Amino acid sequence: NKPLPTMIDWELFRDAYRQEVDDTWTFDNTVPPTMGYAFDDNNGGPPPFYLKRGAINKGPSLFASRNIAKGELVHDGTNSNVMFHNALAWRRFIFALPRNRACDMM
């Protein structure tokens, strides 16, 4: 029953990425990472889902925050993904995180 990442956790992930992988990367999304991310098909607002703890003894789950139209795009990772140019960069990033948070990234 691990808690969901907080804003402090997200800052830790971002700092580790900048330090170990790409110090020029900017995380400038208008939506805080605890709420998801903005993408063009959603007019810059958060996605139509949210992450929360699911049933007892289950991990995090996605829940709809509104009705979702058939065929509607609800995820577009192009603005929220980070790139690892090789396996060594990924390893440096993972090993820069506290052990209990490194598992969240795998």
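Since we're looking at a predicted model, the values are computed, not measured.

## Digging into the pattern of salt bridges
So, point 1. Scanning the entire structure with this criterion turns up four salt bridges.
So, point 2. In this structure, the salt-bridge partner of Arg-14 is Glu-11, at a minimum N-O distance of 3.4 Å. Within this pair, Arg-14 and its partner Glu-11 are both found in helix H1 (residues 7-20), separated by three residues, close to a single helical turn.
So, point 3. Given the relative accessible area of 14%, Arg-14 is considered buried.
So, point 4. By relative accessible area, which is 31% here, Glu-11 ends up partly exposed.

## So, H1
Along an α-helix, a turn takes 3.6 residues, which lines up residues three or four apart on a common side.
So, point 1. Helix length check: H1, at 14 residues, gives a terminal C-alpha distance of 20 Å against a target of 20 Å (1.5 Å per residue), a fit within 8%.
So, point 2. Every buried residue belonging to H1 is among Asp-9, Phe-13, Arg-14, Ala-16, Tyr-17 and Glu-20, and all of these are buried. Buried residues of H1 fall within an arc of 160° about the axis and therefore sit on the same side. Facing away from the buried side of H1 by over 90 degrees, the exposed positions are Ile-8 and Gln-19.
So, point 3. Where the residues of H1 are buried, they touch helix H2 (87-96) and helix H3 (99-102).

Each value, and the rule that gives it
- Within every chain, residues take consecutive numbers counted from 1 along the sequence as written.
- Given that the model is predicted, a residue must reach a pLDDT of at least 70 before its local features are reported, and side-chain atom pairs must reach 80 or more before they are shown or counted; all residues, however, enter totals for whole chains, interfaces and linings.
- The side-chain quantities take in all heavy atoms of the structure and omit both hydrogens and water.
- Each reported salt bridge corresponds to a side-chain nitrogen of Lys or Arg within 4 Å of a carboxyl oxygen of Asp or Glu.
- For the purposes of this entry, the term helix denotes a DSSP run of H or I that reaches at least four residues, the term strand denotes a run of E that reaches at least two, and both are numbered from the N terminus.
- Here's how the labels work: a residue is buried when its accessible area is under 20% of the maximum for its type, exposed when over 50%, partly exposed in between, all with a 1.4 Å probe on protein chains only.
- Expected span of a helix: the number of residues minus one, times 1.5 Å.
- Each direction from the helix axis to a C-beta atom contributes to the arc, which is the arc of those directions.
- Contacts are assigned to residue pairs that have any heavy atoms within 4.5 Å of one another.

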